[in-house]
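Here is how the chains run, residue by residue.
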2 protein chains.
Amino acid sequence: MQSKLVKDIKEAIRLSGLSDGMTVSFHHHLRNGDMVAVMVMDAVSELGIRNLNVNISSIFETHEPFIEYIRDGVITGIETDYMGGSVGRAVSEGILEKPVIFRTHGGRPSDIISGASPIDVAFIAAPTADPMGNCTGKFGKSACGSLGYAFADAMYAKKSVVITDNLVDYPLVDFSISEDYIDYVVAVDKIGEPSGIVSGTTKITKDPVGLVIADYAARAIDASGLLKDGFSFQTGAGGASLAAAKYLQDIMLRKNIKGSYGLGGITGYMVDMLNTGCFKALYDVQCFDLGAVESIRTNPNHMEVTAAHYASPTAKSSAVDNLDVVILGATEIDTDFNVNVHTDSNGYIMGGSGGHSDTAAGARMSMIVAPLSRARLPIVVDKVLCKSTPGNTIDVLVTQRGIAVNPLRPELSERFRQAGLPVVDIFELRDAAEKLNGKARKPQLGDREVAKVLYRDGTLLDTIYNVPVK
Amino acid sequence: MQSKLVKDIKEAIRLSGLSDGMTVSFHHHLRNGDMVAVMVMDAVSELGIRNLNVNISSIFETHEPFIEYIRDGVITGIETDYMGGSVGRAVSEGILEKPVIFRTHGGRPSDIISGASPIDVAFIAAPTADPMGNCTGKFGKSACGSLGYAFADAMYAKKSVVITDNLVDYPLVDFSISEDYIDYVVAVDKIGEPSGIVSGTTKITKDPVGLVIADYAARAIDASGLLKDGFSFQTGAGGASLAAAKYLQDIMLRKNIKGSYGLGGITGYMVDMLNTGCFKALYDVQCFDLGAVESIRTNPNHMEVTAAHYASPTAKSSAVDNLDVVILGATEIDTDFNVNVHTDSNGYIMGGSGGHSDTAAGARMSMIVAPLSRARLPIVVDKVLCKSTPGNTIDVLVTQRGIAVNPLRPELSERFRQAGLPVVDIFELRDAAEKLNGKARKPQLGDREVAKVLYRDGTLLDTIYNVPVK
């Protein structure tokens, strides 16, 4: 029996030819439970390799050790679609000389496939793999479901290394990524912390404000003219978004509407919509909870899709192109409907586009659900600190004080009004938000570029500047 | 709803930009029932496009109209892995100015992916598709099961056109090839003749000579040392090969041997071996009969693999690399164990390598099963007319008169003898064949190159010359 198994990560790194100045890549399906990216960087550092560019589909709190590797010059560049907590704060304070490159979940595979963003060595955290590198996220103690974001890395990197904690005999049945793309396989004790990989279950909000917003959102979808047989839908995993999905499901069941597909990061709520006949299929690029993992493993109508199939703007088409409605969040939205999901009110990086601007561009109706204010800070502002998603792709903002419709979509205003929904001008919402909390105080930012935000087509959308350290 | 549907094949051809001198491609999963390749060439011809290079994974009798298009200068080049009947005869008689390029089923995707064999427009016959081009062979009135050979075409052609006779609503559940690779979709009444797509069931031989050979073959596999838990296996769909598989299954069940995987073109016999626990998985690049189609549709352990995953020599690995035993046929085999599967005794092209030399190269034991003679012509000869598979990759020849083992594998001879099997020298088999039928008469061939046989790595293995027309 042939085998690509090598004894440890260091051996795989040596064999891959990784050296100073190259680009490594990681996927984020293990989310805040991921141990692989740091494990690999530990080995890289011990081998004395420096000056690496890290292309990782998302950065979570679990990747906090990156900060030390940035300080030490092991990591000198970061390309990502999302950057949470500690690393975001350090980057905002200027730890990295080169600006971070932010892409979208669709723009990332697009640039990897086109060669605009080449990868030297991809490290694929795989919950189950065989010794030739056939692998899947559906099985194993670290099961995460879909491996959608990892396909472009595996297929287009010069060398691809699978790292697994559940090595099975060849050949793996029901593989996702196939051996023809994989160079080396490493077996380790543990690739992830299960509690961080998937939340046990994602939860609907119980907050009364969130429930009002969810109710408006579901009714707006109902009134939009889009909710009919064949309806397709994506929603985030935030509490209000999930509540909106639940209310929407109630409407679909009551009206016996047979939708076509649910898309995106998938939760147990979307699985429940599949199982109750609201959709005939789920196209799943990432599983958010155990219900989704169980479903993708067992239900053939719940299918894994690659990130390119999900959202690449240069693919011949992608699933976002046919999306009817997407519900999205925002940390800020301005009166031009531009949305910020990258920075907080102090200008610190604490997020990223993920699939935000991809789905907003593709969907027939993109809907932001957000309260007027959070922690005494207005959400609706004159101008967002960072333009993550262009306002001309955002159609509707739903708040507890009413629904603002982008002037580009007058027909939606009309339909919402006819349905008795409280349509308001976005300037009114801004005023109400300011009245509640006072005018948003713009943070004083420095003049060093710490991140560049690329739109899904690769053009520069915005630049994020450093937060001066007091 | 977006759609890539265009009104007919001509419209798809126009939109694709196809013009004189370009390369079009087709797959052969519809086998002798395929109507798509001719349908497309009819449209091409009517549009006045000429001088096309046709890259098609196999040519069957159904493609006989190609001859007229060659005469008319519409088709001026052919690249294929197999060429049957009428087209082979015409090519052998010199109808085509440029030599045909023969590849293997593994070499073809390898050269498409590397760019050595570029495709301008791929036409994908799809038994089921949605309007965005997600498609599969598993469902529909023209169901053919796996679409393994079509992936490289769809993924790497400049333009890819899906042609279906079962258009379903978006999104297709359980797709094989995904929309991100597809430019246009055409719906037609009928893509294939069901009786030609899959034989109702492939049949075991009843010929006593074939059964003797099959019995020797199964016992030789048993004696080889390879038949143990984890055993992997491929066999062709010829009557003696299938009988050997059946005998092998009996042995495996009796000895309670749990194999790993069955590979290749899959028949109902291999499905039966899966279902009785002889294998844990089937990796299926092509379905040969209805039993295989039904199984790949319903059994998650029966998986579609791409041609690259099956057999590409430049993939990082392929399934043939871990194959224990393959049973193959031959039209001729010489005393150096070189095998001819391209030409008949008159020098006419009537076949091709398919996966022959790929599996022979990969398998730990490659076994030719063949009678000493067919239609009064000896099978074992001094020198094959065409070297399709190099003798150093063929380990064993099984005939009704005994088993000849390649001198490169003395340990196999020893094991077979110990098991009481009739091991004979290949020269004895040649002599016996000649004694039965007289010495093989070499046909008088011309000096025009009508085909070049490329080995799986792209090197020239042999050249086929024209058969002079009397």
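Per chain, residues are indexed from 1 in the order of the written sequence. Throughout, the order in which chains and ligands are written sets their labels, letters from A for the former and numbers from 1 for the latter. Two thresholds apply to this predicted model, a pLDDT of at least 70 for residue-level local features and 80 or more for giving and counting side-chain atom pairs, whereas whole-chain, interface and lining totals are computed over all residues. The basis for the side-chain values is all heavy atoms of the structure; hydrogens and waters are excluded.

Chemist: When you look at the pattern of salt bridges in this model, what are you seeing that I'm missing?
Modeler: In a structure, side chains of opposite charge can pair up when their charged atoms sit close to one another. A carboxyl oxygen of Asp or Glu within 4 Å of a side-chain nitrogen of Lys or Arg is what we treat as a salt bridge. With the rule as written, the count across this model stands at 50 salt bridges over all chains. One salt bridge connects B:Lys10 with B:Glu46, and the closest N-O pair in it is separated by 2.6 Å. Of this pair, B:Lys10 sits in helix H1 (residues 9-16) while B:Glu46 sits in helix H2 (residues 36-46); the two residues are 36 residues apart in sequence, bridging distant segments of the chain. Whether a residue is buried, partly exposed or exposed follows from its accessible area with a 1.4 Å probe, protein chains only, as a fraction of its type maximum: under 20%, in between, or over 50%, in that order. A relative accessible area of 57% means that B:Glu46 is categorised as exposed. Salt-bridge contacts for B:Lys255 lead to B:Asp222; the nearest nitrogen and oxygen are separated by 2.8 Å. With a gap of 33 residues between them, B:Lys255 in helix H9 (residues 239-255) and B:Asp222 in helix H8 (residues 208-223) connect regions that are remote in the sequence. What makes B:Asp222 partly exposed here is its relative accessible area of 22%. In the salt-bridge network here, residues are joined through shared partners; they are A:Asp382, A:Arg430, A:Asp431, A:Glu434 and A:Lys439. Starting at the N terminus, helices and strands are each numbered in turn, a helix being any DSSP run of H or I of at least four residues and a strand any DSSP run of E of at least two.

Chemist: Is there a simple way to explain the relation of the copies chain B and chain A in this structure?
Modeler: For the pair of chain copies, the relating transformation is a rotation about an axis with a translation along it. The copies are overlaid by a least-squares fit using only the C-alpha atoms of residues whose pLDDT is at least 70 in both copies. Screw-axis analysis of chain B against chain A gives a translation of 0.0 Å along the axis, an RMSD of 0.0 Å, and a rotation angle of 180 degrees. Here the symmetry operator amounts to a two-fold rotation axis. When C-alpha distances to the rotation axis are compared across chain B, the minimum falls at B:Pro300, with a value of 4.6 Å. Whether two residues are in contact is decided by their heavy atoms: any pair within 4.5 Å suffices. A shared interface surface links the copies, since 100% of the contact residues of chain B are contact residues in chain A too.

Chemist: Any chance you could explain the pairing of strand E15 (residues 325-328) of chain B here in plain terms?
Modeler: A regular strand carries its side chains on alternate faces of the sheet. Residues and elements named next belong to chain B. Because side chains alternate across E15, one face comprises the buried residues Val-325 and Ile-327, and the other comprises Val-326 and Leu-328, equally buried. In short, DSSP must find at least two bridges between two strands for them to pair. Judged from the four bridges that link them, E15 and strand E18 (residues 365-369) form a sheet pairing that is parallel. Within the sheet, the bridge partner assigned to Val-326 lies in E18 and is Ser-366.

Chemist: Got a minute to help me understand the sheet that holds strand E16 (residues 332-334) of chain B in this structure?
Modeler: Each strand in a sheet pairs with another by means of backbone hydrogen bonds, the pair being arranged parallel or else antiparallel. All names here are of chain B. Taking strand neighbours across the sheet as the criterion, the three strands line up as E17-E16-E21 in an open arrangement whose pairing is mixed. Each having just a single partner strand, strand E17 (339-340) and strand E21 (380-381) make up the two edges of the open sheet. Where E16 and E21 come together, two bridges link them in parallel fashion. In the sheet register, Asp-334 faces E21, and the bridge partner there is Val-381.

Chemist: Please clarify how the packing of aromatic side chains should be interpreted in this entry.
Modeler: The geometry of an aromatic ring pair is captured by two quantities: the separation of the ring centres and the angle between the planes. All names here are of chain A. Working definition: rings of Phe, Tyr and Trp (its six-membered ring) pair if their centres are within 6.5 Å, and the pair is stacked with planes under 30 degrees apart, edge-to-face with planes over 60 apart, and tilted otherwise. For the structure shown, the criterion picks out twelve aromatic pairs over all chains. Arranged with centres 5.7 Å apart and planes meeting at 35 degrees, the rings of Phe-60 and Tyr-82 form a pair that is tilted. Of this pair, Phe-60 sits in the loop between strand E3 (52-56) and helix H3 (66-71) while Tyr-82 sits in the loop between strand E4 (75-80) and helix H4 (85-92), placing them 22 residues apart in sequence. Their ring planes at 45 degrees and their centres at 6.0 Å tell us that Tyr-261 and Tyr-283 sit as a pair that is tilted. Of the two residues, Tyr-261 is situated in strand E12 (residues 261-266) and Tyr-283 in strand E13 (residues 281-287); the sequence distance between them amounts to 22 residues. Of the residues examined, Tyr-261 reaches a relative accessible area of 0% and is grouped as buried.

So yeah, pure geometry; function would need other evidence.
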